[in-house]
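# Topology and contacts: notes
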Amino acid sequence: MNSIQEILFNFPQAFLSGLLLNGTLIVLIYILVWKAFKKRLRSWRIQLKERVNTKQIKRELKNSFFTLAVGALFSSIVIYLSTQGYTKIYTKFYEYNPFYGVFGFFILLLIDDTWFYWFHRLLHHPKIFKHIHLEHHKSIDVNPFTSLSFHFLEPFLLSFWIFPVAYVFPIYAPVLLVVQLYGLLDNIKSHLGYELYPKRFNKSWLRFLTSSTHHNMHHSKFKGNYGVHFRFWDKLLGTEFRDYETEYEKIQERKK
């Protein structure tokens, strides 16, 4: 009973922190890209026909409330489990091998991407899609507010990896915070609706990273480009759209 009370006690602060961080970034990026520089960035649009309207954004804002609530609940539970010694999340750098503090970011990002890829594909199963993931795919033309627009069960499923991983794998707390911040920015980038990466991006050593176009095509074509941070799994299993790089090049030509 005390555990539930402590989790609920931490929940409001976790929710407000998530709301301020996510809300500030999303609103700021939306105002800059979709309003202030809309005309100047017209040729940078991925989908030339804009279909985002007030009804869509209202739905996305409602869904975002529940997504942030699930995130706050997760944070509260993780904090409680850590204080009780049930996780290997630590705050003193030399408490574990420095390897985890130095390379933990890349390891956690790979775990997150792998978990996301497989559960994302599972959510596209016909018997599951219409009950959960369809809510996110109602936004075919995406914008920054789409980045938090999910059925409330989806963020639960996609973020659950933290519990088994934190139980067996030493995680330096600042590294976990950086991973969460990177995930937030990468998620907004994926749903930006504009391709801000340069022409040479897909030819550079960074080509293993997903671009905004990569995930945007998932929203317009549905079955393909399932990865969130990296293209590894899509390339390995043949689920990347064959015309992805061609589409990326078309957008770069328009940007000229």
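This one's a predicted model, so the numbers in the text were calculated from it and none came from an experiment. (Residues numbered from 1 in each chain as written. Predicted model: local features only at pLDDT ≥ 70, side-chain atom pairs only at ≥ 80, totals over all residues. Heavy atoms only, no water.)

### Observations concerning the layout of surface pockets
To locate leftover empty space, one rolls a probe as large as a water molecule over the atoms. Convention followed: Definitions used throughout: a 1 Å grid over protein atoms alone; a cavity as a set of points that fits a 1.4 Å probe which cannot get out; a pocket as an open set with protein on both sides within 12 Å along at least five of seven lines; a lining residue as one with an atom within 4 Å of a point. Grid points are joined across faces, edges and corners, and a volume is the space filled by probe spheres set on the points. By definition, any uninterrupted DSSP run of H or I lasting at least four residues is a helix, any uninterrupted run of E lasting at least two residues is a strand, and each is numbered from the N terminus. Each residue gets one of three labels, nonpolar for Ala, Val, Leu, Ile, Met, Phe, Trp, Tyr, Cys and Pro, charged for Asp, Glu, Lys and Arg, and polar for the others, Gly among them.
What the largest pocket holds in volume is close to 1,600 Å³. Along the wall of the largest pocket there are 47 residues; nearest its centre are Asn22, Gly71, Ser75, Ser159 and Gln180. Those elements that place two or more of their residues in the lining of the largest pocket are α1 (2–36), α2 (54–83), α3 (98–123), α6 (153–159) and α8 (173–190). Ranked by residues supplied to the lining of the largest pocket, first place goes to α2 with 11 residues. Taken together, the residues that form the lining of the largest pocket break down as 23 nonpolar, 22 polar and 2 charged. Reported here for the second largest pocket is a volume of approximately 170 Å³.

### Section: the confidence of the model for the protein
In low-pLDDT regions, the fine details of the predicted coordinates are not to be read closely. Counted only if it meets this: pLDDT: the predictor's confidence for each residue, scored from 0 to 100.
Summarising the model, the protein shows a mean pLDDT of 94, and 100% of its residues fall at 70 or more. The least confident element of the protein is α1, whose mean pLDDT is 92; the most confident is helix α10 (residues 232–237), at 97.

### Structural notes on the pattern of salt bridges
Definition in use: Should a side-chain nitrogen of Lys or Arg be within 4 Å of a carboxyl oxygen of Asp or Glu, the pair is scored as a salt bridge. For every residue, the accessible area obtained with a 1.4 Å probe (protein chains only) is divided by the maximum for its type, and the residue is called buried under 20%, exposed over 50%, and partly exposed between those limits.
Counted according to the given criterion, the structure contains 11 salt bridges. For Glu253, the salt bridge identified is with Lys199, shortest N-O distance 3.2 Å. Taken as a pair, Glu253 in helix α11 (residues 244–255) and Lys199 in the loop between α8 and α9 (212–221) lie far apart in primary sequence, 54 residues in all. The partner of Glu240 in a salt bridge is Lys235, with the nearest N and O atoms 3.9 Å apart. The class of Glu240 is buried, set by a relative accessible area of 13%. Look at the salt bridges and you will find they share partners, linking Arg231, Lys235, Glu240 and Glu245 into a network.

### A closer look at a nonpolar patch on the surface
Counted only if it meets this: Like-charged residues within 9 Å of one another, or nonpolar side chains (Val, Leu, Ile, Met, Phe, Trp, Tyr) within 5 Å, are grouped into patches, provided each residue has over 30% relative accessible area and no salt bridge. Note that accessible areas follow from Shrake-Rupley with a 1.4 Å probe, and for residues the cover is restricted to the protein chains shown.
A cluster of nonpolar side chains, contributed by Phe65, Phe66, Phe152 and Leu153, occupies part of the molecular surface with about 390 Å² of accessible area. Topologically, Phe65 is positioned in helix α2.

### Quick notes on the packing of aromatic side chains
Working definition: an aromatic ring pair is given by the centre-to-centre distance plus the angle between the planes. Using the following cut-off: For Phe, Tyr and Trp, where Trp contributes only its six-membered ring, two rings pair if their centres lie within 6.5 Å, and the inter-plane angle classes them as stacked under 30 degrees, edge-to-face over 60, or tilted in between. Distance and angle both matter: a charge sits over a ring if NZ of Lys or CZ of Arg is within 6 Å of the ring centre and within 35 degrees of the ring normal.
Taken as a whole and assessed by the stated rule, the structure comprises 29 aromatic pairs. Ring centres of Phe156 and Phe160 lie 5.6 Å apart, and the angle between their planes is 50°; this geometry places the pair in the tilted category. Counting every residue linked through ring pairs, the aromatic cluster contains Tyr90, Phe93, Tyr94, Tyr96 and Tyr172. Over the face of the ring belonging to Phe241 we find Lys221, whose NZ or CZ atom lies 5.2 Å from the ring centre. Its end group placed over the ring of Trp44, Lys255 keeps NZ or CZ at 4.2 Å from the ring centre.

### Observations concerning the packing of α9 against α11
How two helices pack is summed up by the angle between their axes together with the distance between the axes. Threshold: All axes are obtained by fitting lines to C-alpha atoms, using only the stretch in contact for helices, and the reported angles, taken between N-to-C directions, cover 0 to 180 degrees. Note on convention: the crossing is left-handed when the near helix lies turned anticlockwise from the far helix by less than a right angle, right-handed when the turn is clockwise. Residue contacts are counted whenever heavy atoms from the two residues lie within 4.5 Å of one another.
Put simply, α9 and α11 touch, their axes get as near as 10 Å, and they point 115° apart. Crossing of α9 against α11: the hand is right-handed. Taking contact as the criterion, the partners of Thr213, His214 and Met217 in α9 are, on α11, Tyr244, Glu247, Tyr248 and Ile251. A class-by-class count of the residues in the contact of α9 with α11 yields 4 nonpolar, 2 polar and 1 charged.

### Structural notes on the environment of Ser147
Short version of the rule: Pairs of N or O atoms are called polar contacts if they sit within 3.5 Å, as long as, within protein, a hydrogen donor faces a hydrogen acceptor (for residues adjacent in sequence, only side-chain-to-side-chain pairs).
If you trace the backbone, Ser147 turns up in the loop between α5 (134–137) and α6. Residue classification places Ser147 among the buried positions, given a relative accessible area of 1%. A C-alpha to C-alpha distance of 14 Å links Ser147 and Tyr194, two positions 47 residues apart in sequence. For Ser147, the contacting residues outside a window of four places in its chain are Ile26, Asn187, Ile188 and His191. A polar side-chain atom of Ser147 sits 2.6 Å from the main-chain carbonyl oxygen of Pro144.

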